[in-house]
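Structure assessment
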Amino acid sequence: FQCSTCQKTFKTSPELTIHKRSHTKEKPYQCCFCPKAFSDLSNLNKHKLSHTGEKPFQCSTCQKAFKTSSNLTVHKRSHTKEKPFQYFYCPKAFSHLGNLKRHKLSHIGEKQFPCSTCKKAFKTSSDLTRHNRSHTGEKPFQCSSCQKTFKTSPELTRHKRSHTKEKSFQCCFCPMSFSVLSSLNGHKLSHTGEKPFKCCTCQKAFNHLHHLNTHKLSHTGEKPFQCSTCHKAFTRSSYLNKHKQSH
């Protein structure tokens, strides 16, 4: 089954039908909870779980529950240490296909998804979608406990742990534990003294990637966080949030 627009081929007619909507931009499946619409019924069903909070897929090893079977499959690899997705240009392997695709871009270096508002470019469409929310202020992920909203699903997941008090990431050097893996990794550097993130312009090193990214702006002069009301721009999102309170 071949697409008459781009000549891409598919194994089944339904797959071709779904693909054609990427050209026509048709989204016939409407969410009954919010204005979002989808080109694929399965994507709509996955999206609905962000409203209902339902997690029907449970890990038999640790009882952690997930919204989709694919998320459960990826999670199980954290127990088995399986990494089935390997890149043939380097030895790195990944437990998730999406992580492999992102890694490939580090070799290519191409950024083919430009922002129509500020012209900043991104390696993946999902990165562009997340970035666009810095302009629109959209926060589509809502906490079912306190109704607070977030720009990304991982932010919501981290926030939920403030209600459950779950801290599943344990430091191997001391008794401290954390609700977020990145916080644990950052904490470990306080034991090792390692500063793995180095500026390619001045060689200054940092123990956190976000500290390096903020530092780089001192070289480029870039101010990626813009106020939608007065268009004043800032180097940090925290500065923008403080500024917004003046409006």
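Definitions and limits used
- Residues numbered from 1 in each chain as written.
- Predicted model: local features only at pLDDT ≥ 70, side-chain atom pairs only at ≥ 80, totals over all residues.
- Heavy atoms only, no water.
- Helix = DSSP H or I, 4+ residues; strand = E, 2+ residues; numbered from the N terminus.
- Contact = heavy atoms within 4.5 Å.
- Buried < 20%, exposed > 50% of the residue type's maximum accessible area, 1.4 Å probe, protein only.
- Expected span 1.5 Å × (residues − 1).
- pLDDT = per-residue confidence, 0-100.

This paragraph deals with the side chain of Arg 77. Along the chain, Arg 77 falls in helix H3 (residues 69–80). Ignoring any residue separated from it by four or fewer positions in sequence, one finds Arg 77 in contact with Glu 82, Pro 84, Phe 85, Ser 95 and His 96.

For the rest of this paragraph, the subject is unusual backbone geometry. Even without being glycine, Lys 25 reaches a positive phi, approximately 65 degrees. Considering the arrangement of structural elements, one finds Lys 25 in the loop between helix H1 (13–24) and strand S1 (29–30). By relative accessible area, Lys 25 is classed as exposed at 63%. Even without a glycine there, the phi angle at His 231 is positive, about 70 degrees. Within the secondary structure layout, His 231 lies in the loop between strand S15 (225–226) and strand S16 (233–234).

With 12 residues, helix H5 (residues 125–136) should reach 16 Å at 1.5 Å per residue; the first-to-last C-alpha distance of 16 Å fits that figure. The complete set of buried residues in H5 reads Leu 128, His 131, Arg 133, Ser 134 and His 135. For H5, the secondary structure elements touched by its buried residues are strand S7 (113–114), strand S8 (121–122), strand S9 (141–142) and S15. Residue Gly 137 follows H5 closely and has a positive phi angle near 75 degrees.

A residue-level look at the chain finds 99% of positions with pLDDT of 70 or above and a mean pLDDT of 86. Of all the helices and strands in the chain, helix H4 (residues 97–108) carries the lowest mean pLDDT, 78, while S1 carries the highest, 92.

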